[in-house]
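Chain by chain, the residues:
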Amino acid sequence: MIVIFYLLFAVMKISTVFLAYWVGGETCRNGFLSATGLVAMGEFAFIIALEALEFGVVDNAFYTSVIGAALVSMVTLPFLTRYADRMWDGAVRRCPKPVYTACCNVNASRDRLYTRVLATSTKSRKTLYRSMTRTYINILLIVLVQIVFHFITPMAVEWLTASFGGNDIIWSITMLFVNFAILLMPIYHLVNNVKFLDEMVISGARHIAKLEGQTEEAGTVYHRFLEVNTYLMMIVIDAVVIIVTPNSVGLWLHLVMLAVAVVVLFAYYYKKKRDNRAGHLPEPEDESEESEEDEH
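These figures come from a predicted structure and were not determined experimentally.

## Points about a nonpolar patch on the surface
Nonpolar side chains collect at one region of the surface, where Ile-139, Leu-141, Val-143, Leu-144, Ile-147, Val-148, Phe-151, Ile-152 and Met-155 lie side by side and expose about 800 Å² of accessible area between them. Tracing the backbone shows Ile-152 in helix 6 (residues 122–164). Classification of Ile-152 as partly exposed rests on a relative accessible area of 32%.

## With respect to the nonpolar core
Of all hydrophobic cores here, the largest spans 20 residues; its most connected members are Ile-142, Met-175, Phe-180, Leu-183, Ile-187 and Ile-242. Only helix 6, helix 7 (168–211) and helix 9 (230–244) provide two or more residues apiece to this core. At eight residues, helix 7 tops the list of elements feeding residues into this core. Among residues more than four places away in sequence, those in contact with Ile-142 are Leu-183, Pro-186, Ile-187, Leu-190 and Val-241. With 16 residues, the next largest nonpolar core counts Tyr-6, Val-66, Ala-69 and Leu-80 among its residues.

## Some points on the packing of aromatic side chains
For the structure on display, the rule yields five aromatic pairs. Judged by centre distance (4.9 Å) and plane angle (65°), the rings of Phe-5 and Phe-62 are edge-to-face. Taken together, the residues span a long stretch of sequence, with Phe-5 in helix 1 (residues 2–23) and Phe-62 in helix 4 (residues 60–94) at a distance of 57 residues. Classification of Phe-62 by relative accessible area gives partly exposed; the value is 36%. Consider the rings of Phe-18 and Trp-88, whose centres lie 6.3 Å apart with planes at 40°: the pair is tilted. Of this pair, Phe-18 sits in helix 1 while Trp-88 is found in helix 4, placing the two residues 70 residues apart along the sequence. Of the residues examined, Phe-18 reaches a relative accessible area of 24% and is grouped as partly exposed. Three or more aromatic residues joined by ring pairs form one cluster here, namely Phe-18, Phe-32 and Trp-88.

## Observations concerning the pattern of salt bridges
Counted under the stated rule, the structure contains two salt bridges. Here Asp-111 and Arg-110 are joined by a salt bridge, their closest N and O atoms 2.9 Å apart. What makes Asp-111 partly exposed here is its relative accessible area of 35%. A relative accessible area of 7% places Arg-110 in the buried class.

## A closer look at helix 9
For helix 9, spanning 15 residues, the distance from its first C-alpha to its last is 21 Å, which sits close to the expected 21 Å at 1.5 Å a residue. Those residues of helix 9 not exposed but buried are Thr-230, Met-233, Met-234, Ile-235, Asp-238, Ala-239, Val-241 and Ile-242.

## Description of the packing of helix 1 against helix 4
Helix-helix packing is described using two parameters, namely the angle between the two axes and the distance between the axes. In the contact formed by helix 1 and helix 4, the axes pass within 8 Å of each other and the chain directions differ by 50°. Taken together, the axes of helix 1 and helix 4 are oblique relative to one another. Read as a crossing pair, helix 1 and helix 4 show a hand that is right-handed. For the pair helix 1 and helix 4, contact is made by Ile-2, Phe-5, Tyr-6 and Phe-18 and by Phe-62, Ser-65, Val-66, Gly-68, Ala-69, Val-72, Ser-73, Thr-76, Leu-80 and Trp-88, respectively. Looking at the contact of helix 1 with helix 4 residue by residue, the class counts come to ten nonpolar, four polar and no charged.

## With respect to the environment of Val-17
Turning to its location among the elements, Val-17 is positioned in helix 1. A relative accessible area of 13% means that Val-17 is categorised as buried. Considering only alpha carbons, one finds Val-17 and Phe-32, 15 residues apart in sequence, at a separation of 8.0 Å. Setting aside anything within four residues of it in sequence, one finds Val-17 in contact with Ala-35 and Leu-38.

## Here we look at helix 5 (residues 97–118)
Since the α-helix packs 3.6 residues into each turn, any two residues three or four apart lie on the same face. Taking 1.5 Å per residue, 22 residues should reach 32 Å; helix 5 reaches 31 Å between its end C-alpha atoms and fits that length. Residues of helix 5 that are buried include every one of Asn-107, Arg-110 and Val-117, and no others. Taken down its axis, helix 5 places every buried residue within 80° of arc, on the same side. Those residues of helix 5 that are exposed and angled more than 90 degrees off the buried face are Lys-97 and Pro-98.

## Focus: the environment of Val-178
Considering the arrangement of structural elements, one finds Val-178 in helix 7. A relative accessible area of 35% places Val-178 in the partly exposed class. Placed 29 residues apart in sequence, Val-178 and Phe-149 show a C-alpha to C-alpha distance of 9.5 Å.

Conventions we followed
Residues numbered from 1 in each chain as written. Predicted model: local features only at pLDDT ≥ 70, side-chain atom pairs only at ≥ 80, totals over all residues. Heavy atoms only, no water. Patch = residues over 30% accessible without salt bridge, like charges linked within 9 Å, V, L, I, M, F, W, Y side chains within 5 Å. Areas by Shrake-Rupley, 256 points an atom, 1.4 Å probe, with all protein chains shown as cover. Salt bridge = Lys/Arg side-chain N within 4 Å of Asp/Glu carboxyl O. Helix = DSSP H or I, 4+ residues; strand = E, 2+ residues; numbered from the N terminus. Buried < 20%, exposed > 50% of the residue type's maximum accessible area, 1.4 Å probe, protein only. Core = buried A, V, L, I, M, F, W, Y, C linked by side-chain atoms within 4.5 Å. Contact = heavy atoms within 4.5 Å. Phe/Tyr/Trp six-rings, centres within 6.5 Å; stacked < 30°, edge-to-face > 60°. Expected span 1.5 Å × (residues − 1). Axes fitted to C-alpha atoms, helices over the stretch in contact; angles between N-to-C directions. Parallel < 35°, antiparallel > 145°, perpendicular 65-115°, else oblique. Left-handed = near helix turned anticlockwise from the far one by under 90°. Nonpolar A, V, L, I, M, F, W, Y, C, P; charged D, E, K, R; others polar. Arc of directions from axis to C-beta.

Function cannot be inferred from these measures alone, as they are strictly geometric.
This is the structure we're talking about:
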């Protein structure tokens, strides 16, 4: 158990710190070296484990394993920091070529993305960072909504059935639609923020192409993403989030909800298309103006 706890902590800590460095634009090697230097639980793990033991959340075996894993992390930390560079270099040499090539391509895509962002103005970059923060908040809000519905859906279905009659299937579908409706707003803002980030990347690419005297490619993935309708993307993301999230509602009820959402979307598009056609119809000419023109 001590080994399992230590390996779980080490893998998660190295992965998250490495990802943070990579997103921040640092090289993969420096990200790994920095991540291995932080693989130590610290004395705060003792306090948390002790509190859990006193409140009866864990037993003595679990508490002892956590303490042992924390001690192992402290003992192994100097060796990890000393040999981290050798571990990274050896892993790069032994990495299969297709995997290494794929990682290099991902890294190059990240560098091109950041280069395009840096090509924009300072004000645009500040707006970009705010948009990224809002995107992160929207993702957290979506996760929070799904966690809440995961726990309240069974209780809500039971209470609605006892209070208003009907059966579990009807109220389960109702809760799915309530969940679907509540998710629309954060998903809408999420899609808009991501599209704004795309526009910033495209703007930076145009600026770079202009400086280098080249023409920007029109068929990039960023352009194709912007061309997708926002409401269509909202429906798809919303349905996928609800279907993927574990809950007590059966899969076929999710499919019913998805089918109804598709019907509503098609109805919306049909109404919008009909309104657009009505808006482009030529206005009838005034008969009085025609008579005046004839007399003239």
